Each structure stands twice: as structure tokens, then as C-alpha cells.
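Analysis of the macromolecular model
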Amino acid sequence: PWAVARTATITVFVFTAFMTIATFLHIENMHLDTGPASARIAAWLWVAVYVVVTPLLAALIVVQMRSPGSDPPPTSPLPAGLRIALAVLGVGMLAIGIAVFVAPTTMDGVWPWAITPLAGRALAAWIIAIGWAGLQVGYENDLRRVRPAAATFAVLGVLWFIGALRGGSDMRWERPSAWVYLAFTVIAAALGAWGWSLAARVEQEPVLPLT
């Protein structure tokens, strides 16, 4: 049902929308007509993906939201602690993501590792999208609807943690932001695992037509 697919679909749209903006803000960095053939092909494929996918997702969401029907009633609300923690994490990620997207050069002065404007905005697209997912999970407030988002939080938290450790000397460990970032990855992974384990215990509802 749309209620189950909604969080993932809108989150992906938020990500692709910001990545599209970042791509065209830095289109001069793309190897559209320079470099080896492999680089030019990759650049055109990159641009094509975001030019096509973003408006398609937008159209899909609009059509789906205007379709007749209603959501099945929520039957398995999230624990209050998980819902509040995801809301706090989501708001924090949105604030940080937007700050990096708007002013990547300024944020490089406090970020745990060096970021260029393009890399910073690409990173910000991820942060904003996952922050949005955290808020939407709280809004949906139904374990049956949030399993994909919970899995995403858990997996990304683990991967971001491993990436920070593998960064080695690239990480600015002398900055408090590096340790805040490391703590954030652990919290994100823990919240995702908590949500996923709770959702896994809930009996799945019968599959309903998309409405």
C-alpha cells in the first residue's frame, strides 16, 4: 500500500531533488566534453539520471496523493522514546544538511573532514533526505510503515561509522565535530536497529491495492 511506500518514495525524491540542484550548480565540474570517453559517458549518464528521475518521482507522488482512497489505520505505533529520538535526529540533520548545502565553504571550517563545494552539497543531499525520513517516520507513527526507513538508518549508520574510521588522517580528530559525527553514526545505527527489530515482530498486514 501507498502508506508503506510513502516514506521511501518521498525520501528518495528529496535526495534526488537536492542532487539535481547540486549537479547543475556545479555543472562545470562535469566531464561532459572533456576527459576520456569513460568520463564523458559517466557524466552524461549522471546528468540524465537526475534530469529524468526527479520529475518522474515528483509526478508519481502527485498522482498517488490525488488518487482516491485512504490509508489503512495505523495499528502499531512507535514507542514514544523512539519517535522523539527520530524527530530530534531528523531536525538536527535537516538543519546541518541545509547549512552545508547553502554554505559548503563556510561549513568546511567546522566539518570533520575537508569538503569541496560540490562534495559538500552531495553529502548534504544525503543528510537532508535521511533527516526528512526521520521526521516522516514519526509522522507515520506505524511500525508496519517504517521498516524500510529503519533499515536505512541502521545500515547507513554502520557504513558512516566505518567510513569515519577508515578515513584515518583525513578525519580532523582534533575538532569536536569529528567526535560528534562519530556519536551521530552510532545513534543513527542504534535507532534504526531498534525500529527494525520492533517492526519485524509486527505481523504484516495483507497487501492492499495502491490507493
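Refer to the preceding data block for the structure.
For every chain, the first residue of the written sequence is number 1, and numbering continues from 1 along that sequence. Selection of residues for local features in this predicted model requires a pLDDT of at least 70, selection of side-chain atom pairs for listing and counting requires 80 or more, and totals for whole chains, interfaces and linings are taken over all residues. As a rule here, side-chain values come from all non-hydrogen atoms in the structure, and water together with hydrogens is ignored.

**Focus on the overall build of the chain**
Put simply, the rule is: Numbering of helices and strands starts at the N terminus; helices are DSSP runs of H or I of at least 4 residues and strands are runs of E of at least 2. Each radius of gyration is computed over the set of C-alpha atoms, and the globule rule expresses the reference value as 2.2 Å times the number of residues to the power 0.38. Using a 1.4 Å probe, the Shrake-Rupley method yields the accessible areas, and only the shown protein chains count as cover for residues.
Check the secondary structure of the chain and you find seven helices and zero strands. The helix and strand sequence of the chain, counted from the amino end, reads α-α-α-α-α-α-α. Taking 211 residues into account, the globule formula puts the C-alpha radius of gyration at 17 Å, and the chain, at 19 Å, falls close to it. For the chain, the spread of C-alpha atoms along the three principal axes comes to 50 × 40 × 25 Å. Accessible surface for the chain amounts to roughly 11,200 Å². Of this, 74% is attributable to carbon and sulfur atoms.

**Description of the pattern of salt bridges**
Worth spelling out the cut-off: A pair is scored as a salt bridge if a Lys or Arg side-chain nitrogen falls within 4 Å of a carboxyl oxygen belonging to Asp or Glu. Three exposure classes are used, based on accessible area relative to the maximum for each residue type with a 1.4 Å probe and protein chains only: buried under 20%, partly exposed in between, and exposed over 50%.
If you walk through the whole model with that rule in mind, you get five salt bridges. Salt-bridge contacts for R6 lead to E140; the nearest nitrogen and oxygen are separated by 2.7 Å. Pair noted here: R6 is in helix 1 (residues 2-25) and E140 is in helix 5 (residues 117-140), with a separation of 134 residues, a long-range link. The residues R6 and E140 share a single accessibility class, namely buried.

**Things to note about empty space enclosed by the protein**
Going by this rule: Detection works on a 1 Å grid of protein atoms alone, calling trapped sets that fit a 1.4 Å probe cavities and calling open sets with protein on both sides within 12 Å along at least five of seven lines pockets, with lining residues defined by an atom within 4 Å of a point. Grid points are joined across faces, edges and corners, and a volume is the space filled by probe spheres set on the points. Note on residue classes: Ala, Val, Leu, Ile, Met, Phe, Trp, Tyr, Cys and Pro are nonpolar, Asp, Glu, Lys and Arg are charged, and everything else, Gly too, is polar.
Summed over the entire model, instances satisfying the criterion amount to one cavity of 30 Å³ or more. Here the largest cavity defines a volume of roughly 60 Å³. Sorting the residues of the lining of the largest cavity by element identifies helix 6 (147-167) and helix 7 (176-201) as the ones contributing at least two each. Taken together, the residues that form the lining of the largest cavity break down as eight nonpolar, two polar and no charged.

**Describing the layout of surface pockets**
For the largest pocket, the calculated volume is near 310 Å³. Put simply, the parts of the chain that give the lining of the largest pocket at least two residues each are helix 3 (80-102), helix 5 and helix 7. Looking at the lining of the largest pocket element by element, the count peaks at five residues for helix 3. Broken down by class, the residue content of the lining of the largest pocket amounts to 13 nonpolar, two polar and no charged. When its volume is computed, the second largest pocket comes out at roughly 190 Å³. Among the secondary structure elements, those contributing two or more residues to the lining of the second largest pocket are helix 1, helix 5 and helix 6. Residues of the lining of the second largest pocket, tallied by class, amount to nine nonpolar, three polar and no charged.

**Notes on a nonpolar patch on the surface**
Stated precisely, the cut-off is as follows: A patch consists of residues exposed above 30% relative accessible area that lack any salt bridge, with like charges linked at up to 9 Å and nonpolar side chains (Val, Leu, Ile, Met, Phe, Trp, Tyr) linked at up to 5 Å.
There is a patch of nonpolar side chains on the surface, built from F24, V51, V52 and L56 and spanning about 360 Å² of accessible area. Take the nonpolar patch: its biggest share by element is three residues, from helix 2 (residues 37-66).

**Some points on the packing of helix 5 against helix 6**
Rules: Note on geometry: axes are C-alpha line fits, over the in-contact stretch for helices, and angles between N-to-C directions span 0 to 180 degrees. Here is the rule for angles: anything less than 35 degrees is roughly parallel, anything more than 145 is roughly antiparallel, 65 through 115 is roughly perpendicular, and the remaining ranges are oblique. Crossing handedness follows the turn of the near helix against the far one: under a right angle anticlockwise gives a left-handed crossing, and clockwise gives a right-handed one. In this analysis, two residues are considered to be in contact whenever any of their non-hydrogen atoms come within 4.5 Å of each other.
It is at 10 Å that the axes of helix 5 and helix 6 come closest, and there the two elements cross at 140 degrees. By the angle between their directions, the pair helix 5 and helix 6 is classed as oblique. In the packing of helix 5 onto helix 6, the handedness of the crossing is left-handed. Listed contacts from helix 6 to W126, I130, A133, G134 and V137 of helix 5 are A149, T152, F153, L156 and W160. The residue makeup of the contact of helix 5 with helix 6, split by class, is eight nonpolar, two polar and no charged.

**What about the packing of aromatic side chains?**
Put simply, the rule is: Planes of paired rings set the category: under 30 degrees apart is stacked, over 60 is edge-to-face and the rest tilted, where pairs are Phe, Tyr or Trp rings (Trp by its six-membered ring) whose centres lie within 6.5 Å. Ring-over charges, as used throughout, are those where CZ of Arg or NZ of Lys falls within 6 Å of the ring centre and within 35 degrees of the ring normal.
For the coordinates displayed, the defined rule picks out eight aromatic pairs. Ring geometry for W113 and Y181: centres 5.1 Å apart, planes at 85 degrees, overall edge-to-face. Here Y181 lies in helix 7 and W113 lies in the loop between helix 4 (104-107) and helix 5, a separation of 68 residues in the sequence. Every member of this aromatic cluster is reached through a ring pair, and the members are W111, W113, W160, Y181 and F184. Residue placement shows R121 over the ring face of F101; its charged tip is 5.8 Å from the ring centre. Taking NZ or CZ as reference, R147 lies 4.4 Å from the ring centre of W196, over its face.

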